Amino acid sequence: MAEVMSMEAIRTEAARLNIDLSGVDWNSIRLPPGEDCGIRSDDDDLNEEDSLEFDAGFGNIIIVDNLPVVPREKFEKLEGVVRKIYSQIGVIKENGLWMPVDEDTGKTRGYCFIEYNTPQEAELAKEKTNGYKLDRAHIFAVNMFDEIDKFMKVPDEWAPPESRPYTPGENLQHWLTDEKGRDQFVIRAGSDTEVLWNDARQVKADPVYKRPFWTESFVQWSPLGTYLATVHRQGAAVWGGASTFNRLMRYAHPQVKLIDFSPGEKYLVTYSSHEPSNPRDTHRVALNIFDVRTGKVMRDFKGSADEFAIGGTGGFTGVSWPVFKWGGGKEDKYFARMGKNVISVYDTESFGLIDKKSIKVENVTDFSWSPTDPIFAIFVPELGGGNQPARVSLFQIPSKVELRQKNLFSVSDCKMYWQSNGEYLAVKVDRYTKTKKSTYTGFELFRIKERDIPIEVFELDNKNDKVISFAWEPKGHRFAVIHGDNPRPDVSFYSVKGGKVSKLTTLKQKQANVLFWSPTGRFIILAGLKGFNGQLEFYNVDELETMATAEHFMATDIEWDPTGRYVATSVTSVHEMENGFNIWSFNGKLLYRILKDHFFQFLWRPRPPSFLSPEKEEEIFKNLKKYSKKYDVQDQDISVLLSEQDREKRKQLKDDWERWVNEWKRYHEQEKIDRQMLRDGEASDVEEEYEAKEIEVEELLDVSEEVIQDA
């Protein structure tokens, strides 16, 4: 067996050899066959599960019971029906379907054996078809052939099961009980993934958990912050716990590339694509929907990339992501995808289509769920050269009733923006002018919660202005628009409270192209990313005033923490220099900065919604001074502590300096005799006591002879 080295020893040896480990492609390293260097991989048990294919066993055979008992003349028809059902799940071996026949009656016995190529296909067939209703009288009962021994050992007499004491699991929300009320975030830099506390009072990041090679591509928090998901070649995994991060569940999906949680964290969607053997064919796509707690596959979808390339915002090999959009709020009741001329809506009780059919919508190009209700909006562009107008429609699920429709004319493009509470839907409509040579922008505002869903038409003061960015205030009635021409567009704020749109203010000529509202509303960052090189303006919309302006040069990402108290700006590895992140207060004060080479990700840990009622939150807000006294005392104590630490740090620096000076004085004294010898016996070190003299020294450099002949 090879000699085992710790990761620290590897780093030390690499530094000695001047090797940059961050540039090493770890995936290209291949160990000799059977050699693991004494380190058991986290994925060993998953690999063991995937390799359970034994020629001598029966793990790839299932028994399907409760089939109809039919005579010989109907035998082929029944066999064809069974084969059609089970061949959709996996490959049935040649002569792998056997249906026993009673010799006396000549009829089938009501069950059959099916042999698949792999045990995994057999397990999936059991999962999907156990309880399958062929008709009212025949509901399949499916078991694995290997389970026969277990059934044979069932005692003839019933005995009560053994009672086991209840052992409570870990509190996966324990991090929310932090006495300092801090928030966590995760970062990826180089090969390391770290979870840290944002300790803004101490002006630092406090480590929680760190692990090298924790993921092979990216990490992702679940929407309520309960889990941290990692992605591997064998599948995905989720991690969590009270005091550390333990692996809670694995989801086998080879070559997984993308994942997506449902809003209530009940389900996880995984996606992979596979290159076809024939270059002319499209990529094959596989999607699995897992139950997050149990790891069970609730539904899978397979097909060509073309079938999943409609809708969404981006993905792999032309597939739009997310393929499935979740609706119905945090209850995770419904999910839907857009196909060619259809919207397919599924429920999570059966994981089948509602009413067993899709909603047909000719030429639909976009759809979007309300964040809180089982309502979705669709957009259909113009048809027939403008003879049939474009339209936006709202549908209620599960009834599939169309709640509201608005026809739109001369439409060039359309985008839909839901407010976080689902109270409003803003539809940005780009329309052609009469000459068809240019476009202008308007907005259709749907008031979803009001009777008959009234619609208000709204345009900018200069409707020819290009709209660069639009964003609703979370949980509020205001929105912001960046409009105009680069390099210095305008930013306008509007309110829709009171039944009509009213402009609050317009900020002229701002270096901004993206809007970032605080999750609690009121504050917003006007950010200039990419071409603006990280310009930041922290703005108070209540007071309509700028709190601070700053810059994070080359910033690529901006993210508010879930409480709206702090903001993180980061420079990822798309830039070679200044990689790392800054933490700011909500009003634009830079608290601390951390630089990290090869920086890839920064993600705040989400918080679940508060259990407090709106009335209780309002009461706390009114009596904030009473509650804040306790924290003011804590802040003062920390301020004194930080001042003391600062004084101690300065004293340490001064002591280090004096120690360094004294050390050099000692060296100076030790070398006094050597200096005296170099000065021909002169003892003084004071330069002013010496007289400078100029001495001319002649030196013969070269002698040459030249013979000159007479002319």
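Residue positions within a chain follow its written sequence, with the count starting from 1. A pLDDT threshold of at least 70 governs which residues receive local features in this predicted model, and a stricter bar of 80 or more applies before side-chain atom pairs are shown or counted, although totals over entire chains, interfaces and linings include all residues. Computation of side-chain values: all heavy atoms of the structure, hydrogens and water removed.

Re the side chain of N60
Assignment of secondary structure puts N60 in the loop between α2 (44–50) and β1 (61–65). Per-residue accessibility, obtained with a 1.4 Å probe over protein chains only, is compared with the maximum for each type, and a residue is labelled buried under 20%, exposed over 50%, and partly exposed between these values. Here N60 falls in the buried class, since its relative accessible area comes to 8%. Side-chain polar atoms of N60 contact the backbone oxygen of Y116, separated by 2.7 Å. Contacts are assigned to residue pairs with any non-hydrogen atoms lying within 4.5 Å of each other. Residues within four places of N60 in sequence aside, it is in contact with K93, I114, E115, Y116, N117, T118, P119 and A122. Here a helix means four or more residues in a row that DSSP labels H or I, a strand means two or more in a row labelled E, and each is numbered from the N terminus. What qualifies as a polar contact is a pair of N or O atoms within 3.5 Å, subject to a donor-acceptor requirement within protein and to the restriction that residues adjacent in sequence count only when both atoms come from side chains.

Some points on the pairing of strand β6 (residues 141–144)
The two faces of β6 differ: V142 and M144 on one face are buried, but A141 and N143 on the other face are not. The pairing criterion for strands is at least two bridges between them, as found by DSSP. Across 4 bridges, the pairing between β1 and β6 is antiparallel. In the sheet register, I63 faces β6, and the bridge partner there is N143.

Comments concerning the sheet that holds strand β16 (residues 284–291)
Spatially, the 4 strands line up as an open sheet ordered β14-β15-β16-β17, and their pairing is antiparallel. With partners counted over all chains shown, the strands left at the sheet margins are β14 (258–261) and β17 (297–304), one partner each. Averaged over neighbouring strand pairs, the angle between their axes works out to 15 degrees when direction is ignored. Here 8 bridges tie strand β15 (residues 267–274) to β16, and the two strands are oriented antiparallel to one another. Bridge pairing in β16 places V269 opposite I289. Axis definition: a line fit to C-alpha positions, over the contact stretch in the case of helices; interaxial angles, taken between N-to-C directions, run 0 to 180 degrees.

Brief notes about helix α4 (residues 119–129)
Those residues of α4 that sit buried are P119, E121, A122, A125 and T129. Buried residues of α4, seen end-on, are gathered within an arc of 160 degrees and therefore sit on one face of the element. On its buried side, α4 packs onto β1, α3 (75–87), β3 (111–116) and β6. Immediately beyond the C-terminal end of α4, within one or two residues, lies G131, with a positive phi of roughly 95 degrees. The arc in question is traced by the directions running from the helix axis to the C-beta atoms.

Description of the sheet that holds strand β40 (residues 580–585)
Strand order in the open sheet formed by 4 strands is β38-β39-β40-β41, with antiparallel pairing between adjacent strands. The strands lining the two open edges of the sheet, one partner per strand, are β38 (557–560) and β41 (590–595). Put simply, the sheet's adjacent strands are angled 15 degrees from each other on average, direction ignored. Direction of pairing for β40 relative to β41: antiparallel, over a ladder of 5 bridges. Residue pairing across strands places N582 opposite R593, the latter belonging to β41.

Thoughts on the confidence of the model for the protein chain
Looking at any residue, its pLDDT shows the predictor's confidence there, from 0 to 100. Confidence along the protein chain averages 86 in pLDDT terms, with 90% of residues attaining 70 or more. In the predicted structure, residues 45–56 sits below a pLDDT of 50 and forms 15 contacts with residues beyond four places in sequence or in another chain.

Points about unusual backbone geometry
Note that the residue after I397, namely P398, is joined by a cis bond; omega there is 15 degrees. Along the chain, P398 turns up in the loop between β24 (390–396) and β25 (401–408). Not every positive phi belongs to a glycine, and D332 is a case in point at roughly 55 degrees. Mapped onto the elements of the fold, D332 is located in the loop between β18 (325–327) and β19 (334–339). We classify D332 as buried; its relative accessible area is 0%.

Topic: the side chain of S469
Structurally, S469 can be placed in strand β30 (residues 467–472). S469 sits in the buried class, given a relative accessible area of 14%. Other than its neighbours up to four places away in sequence, S469 contacts A480, V481, I482, N513, V514 and L515.

Description of the pattern of salt bridges
Here a salt bridge means any side-chain nitrogen of Lys or Arg lying within 4 Å of a carboxyl oxygen belonging to Asp or Glu. All told, the structure shown has 37 salt bridges when counted by the stated rule. A salt bridge links K126 to E147; the shortest N-O distance between them is 2.9 Å. Note that K126 is positioned in helix α4 and E147 in the loop between β6 and α5 (148–152), a separation of 21 residues in sequence. The class for K126 is partly exposed, based on a relative accessible area of 21%. Among the residues examined, E147 registers a relative accessible area of 16% and is labelled buried. When the shortest N-O distance is used, the salt bridge between R233 and E216 registers 2.9 Å. Of the two residues, R233 is situated in the loop between β11 (228–231) and β12 (235–240) and E216 in the loop between β9 (204–212) and β10 (219–221); the sequence distance between them amounts to 17 residues. The exposure class of R233 is partly exposed, given its relative accessible area of 39%. Owing to a relative accessible area of 36%, E216 belongs among the partly exposed residues under this scheme.

Examining the pairing of β19
Extensive coverage of β19 is indicated by the burial of 6 of its 6 residues. Alternating residues of β19 divide into Y334, A336 and M338 and F335, R337 and G339, and every residue in both groups is buried. Summarising the sheet, β18 and β19 pair through 3 bridges and their orientation is antiparallel. Bridged to W326 within β19 is F335. Between β18 and β19, which pair antiparallel in sequence order, lie 6 residues; one of them, G328, sits at a positive phi of approximately 85 degrees. For β19 and strand β20 (residues 342–347), the ladder comprises 6 bridges, and the chain directions are antiparallel. Looking at the pairing, A336 lines up with V345 of β20.

A short note on a nonpolar patch on the surface
Side chains of W657, W660, W664 and Y667 sit close together on the surface and give an oily, nonpolar patch of about 510 Å² of accessible area. Mapped onto the secondary structure, W660 falls in helix α7 (residues 624–670). Residue class for W660 comes out partly exposed when judged on its relative accessible area of 47%. Patch construction takes residues with relative accessible area above 30% that form no salt bridge. Like charges are linked within 9 Å, and nonpolar side chains (Val, Leu, Ile, Met, Phe, Trp, Tyr) are linked within 5 Å. Computed by Shrake-Rupley with a 1.4 Å probe, the accessible areas treat only the displayed protein chains as cover when residues are assessed.

Describing the packing of aromatic side chains
For this analysis, a ring pair means two rings from Phe, Tyr or Trp (six-membered ring only for Trp) whose centres lie within 6.5 Å, classed as stacked if their planes differ by under 30 degrees, edge-to-face if by over 60, and tilted for the remaining angles. Across all of its chains, the model carries 48 aromatic pairs by this definition. Relative to W584, the ring of F538 has its centre 5.9 Å away and its plane inclined at 40 degrees; by these criteria the two rings are tilted. Of this pair, F538 sits in strand β36 (residues 535–540) while W584 is found in strand β40, placing the two residues 46 residues apart along the sequence. Across this residue pair, the class does not change: F538 and W584 are buried.

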